[in-house]
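Chain and residue survey
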Amino acid sequence: MKFLPASEDHRKQHYFELKDCPFFLGLVKYMNSGPVVAMVWEGLNVVKTGRVMMGETNPAESKPGAISGDFCIQVGRNIVPGSDSAESAEKEIGLWFKPEELIDYKSCAHNWVYE
């Protein structure tokens, strides 16, 4: 995890696949309203589990306790974007982290959590 500002070019690169959408420039501008907290999560079904924790893109469709449902009101002001697949996660991790910033370790609780 790291806390950092992101340049406009960096933000545009993060949302590159949305570049042709009418909301693209507004999204890039909104992302600059504060620093970014970039994180890498790992674990069994981590993308699916992370998406449940973050909630729906439309906060009104999120379940109680989901980050976007509890802290967002409008789609255009979602505070918690996240990868939607392992492939996009790999791309986004490479965009936000240098290889030497990623630490490989095994938690002491690993064998109590995983078979």
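Residues numbered from 1 in each chain as written. Predicted model: local features only at pLDDT ≥ 70, side-chain atom pairs only at ≥ 80, totals over all residues. Heavy atoms only, no water.

1. Let's talk about the overall build of the chain
The secondary structure content of the chain amounts to six helices and two strands. Going residue by residue from the N terminus, the α and β elements of the chain occur as β-α-α-β-α-α-α-α. Expressed as lengths along the three principal axes of its C-alpha atoms, the size of the chain is roughly 45 × 35 × 25 Å. Scored against the burial criterion, the 115 residues of the chain give a buried share of 26%. Restricting the contact set of the chain to residue pairs at least 6 apart, pairs at least 24 apart contribute 51%. Here the chain carries 12 positive and 16 negative side-chain charges, and the mean point of each set is 5 Å from the other. (Helix = DSSP H or I, 4+ residues; strand = E, 2+ residues; numbered from the N terminus. Buried < 20%, exposed > 50% of the residue type's maximum accessible area, 1.4 Å probe, protein only. Contact = heavy atoms within 4.5 Å. Lys, Arg positive; Asp, Glu negative; His and termini not counted. Charge placed at Lys NZ, Arg CZ, Asp CG, Glu CD.)

2. Re unusual backbone geometry
Residue N45 is not a glycine yet carries a positive backbone phi of 55°. In this structure, N45 sits in the loop between β2 (36-38) and α3 (46-54).

3. Describing the nonpolar core
In this structure, Y15, M31, V36, A38, W96 and F97 are the most contacted members of the largest nonpolar core, which totals 13 residues. For this core, the secondary-structure elements that each account for two or more residues are α2 (24-31), β2 and α5 (86-96). If we skip the residues at most four places from it in the chain, A38 touches M1, K2, L4, W96 and F97. (Core = buried A, V, L, I, M, F, W, Y, C linked by side-chain atoms within 4.5 Å.)

4. Quick word on the side chain of E92
Inspection of the secondary structure puts E92 in helix α5. The buried charged residue E92 lacks any salt bridge, with K91 as its nearest oppositely charged partner at 4.7 Å. The residues contacting E92, other than those within four sequence positions of it, are H14, G82 and S83. (Salt bridge = Lys/Arg side-chain N within 4 Å of Asp/Glu carboxyl O.)

5. Description of the pattern of salt bridges
Counting across every chain of the model gives four salt bridges. Its salt-bridge partner being K91, residue E17 comes within 3.6 Å of it at the nearest N-O pair. You can see E17 sitting in the loop between α1 (8-14) and α2 and its partner K91 sitting in helix α5, a full 74 residues away along the chain. For D20, the salt bridge goes to K19, with nearest N and O atoms at 3.4 Å. With a relative accessible area of 40%, K19 lands in the partly exposed category.

6. Considerations on α2
For α2, the full list of buried residues reads F24, L27, V28, Y30 and M31. Angularly, the buried residues of α2 cover 165° about the axis, an arc narrow enough to put them on a single face. Exposed side chains of α2 directed beyond 90 degrees from the buried face belong to L25 and K29. Tucked into the core, α2 has its buried residues touching α1, β2 and α5. (Arc of directions from axis to C-beta.)

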